[in-house]
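Single-letter residue listing:
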Amino acid sequence: MGDEFRYGHDEPGPPTASTVRARLAADRADTLARAAALSRDFDGIAAANALIAVDDEHDPEGGTTAFERAHVAALMAQAREHLHELDRALERLDLGQYGQCEACGGTIPPERLEIRPATTTCVRCAGSGPRRG
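All of these numbers come straight from a predicted model, not from anything done at the bench.

Rules used in this analysis
Residues numbered from 1 in each chain as written. Predicted model: local features only at pLDDT ≥ 70, side-chain atom pairs only at ≥ 80, totals over all residues. Heavy atoms only, no water. UniProt positions renumbered as here; feature names shortened; annotations may be inferred. Helix = DSSP H or I, 4+ residues; strand = E, 2+ residues; numbered from the N terminus. Core = buried A, V, L, I, M, F, W, Y, C linked by side-chain atoms within 4.5 Å. Buried < 20%, exposed > 50% of the residue type's maximum accessible area, 1.4 Å probe, protein only. Contact = heavy atoms within 4.5 Å.

## A word on the UniProt feature "domain: Zinc finger DksA/TraR C4-type" (unreviewed entry) in the chain
The positions UniProt marks with the feature "domain: Zinc finger DksA/TraR C4-type" (unreviewed entry) are residues 96-127. Helix makes up 34% of residues 96-127 and strand 0%. Its end C-alpha atoms lie 25 Å apart.

## Describing the nonpolar core
Residues Val-20, Leu-24, Ala-89, Tyr-98, Cys-101, Ile-108 and Cys-122 are the most contacted members of the largest nonpolar core, which totals 13 residues. Those elements that place two or more of their residues in this core are α1 (17-50) and α2 (62-94).

## Let's talk about the environment of Pro-15
Among the structural elements, Pro-15 can be located in the segment before α1. Counting along the chain gives 95 residues from Pro-15 to Pro-110, while the straight-line C-alpha distance between them is 8.5 Å.

## So, the environment of Gly-106
Inspection of the secondary structure puts Gly-106 in the loop between α2 and α3 (110-115). With 19 residues separating them in the primary sequence, Gly-106 and Cys-125 have C-alpha atoms 9.7 Å apart. What Gly-106 contacts, discounting residues up to four positions off in sequence, is Gly-99, Gln-100 and Cys-101.

Pasting the structure below:
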């Protein structure tokens, strides 16, 4: 895993706020890069379609093109949502609430934060209701 921080594995005790902030910032930078690449892909699909007279109803490739656009658009929406979750995690960190379950107020285990650093719920609360970060 290289120099990637792993909660509870590479350093003794709980992670420091600066370590958490660095991890969230790195995740945010990766997500921004992924969103930019997806945006370029989407623009490329649109540009390619603009060069051809596309009649999705009769063009055998029309369905594929529409699927590709929808697929990339969905991935872009997921990236935007993840950015929002990361921003909220950074806000919780600033408020001293990072790692605290928003549903029950308990502590979110470090292992869960390692896997889902922007999560807002502990495992018990995440499994008991509508799906949340």
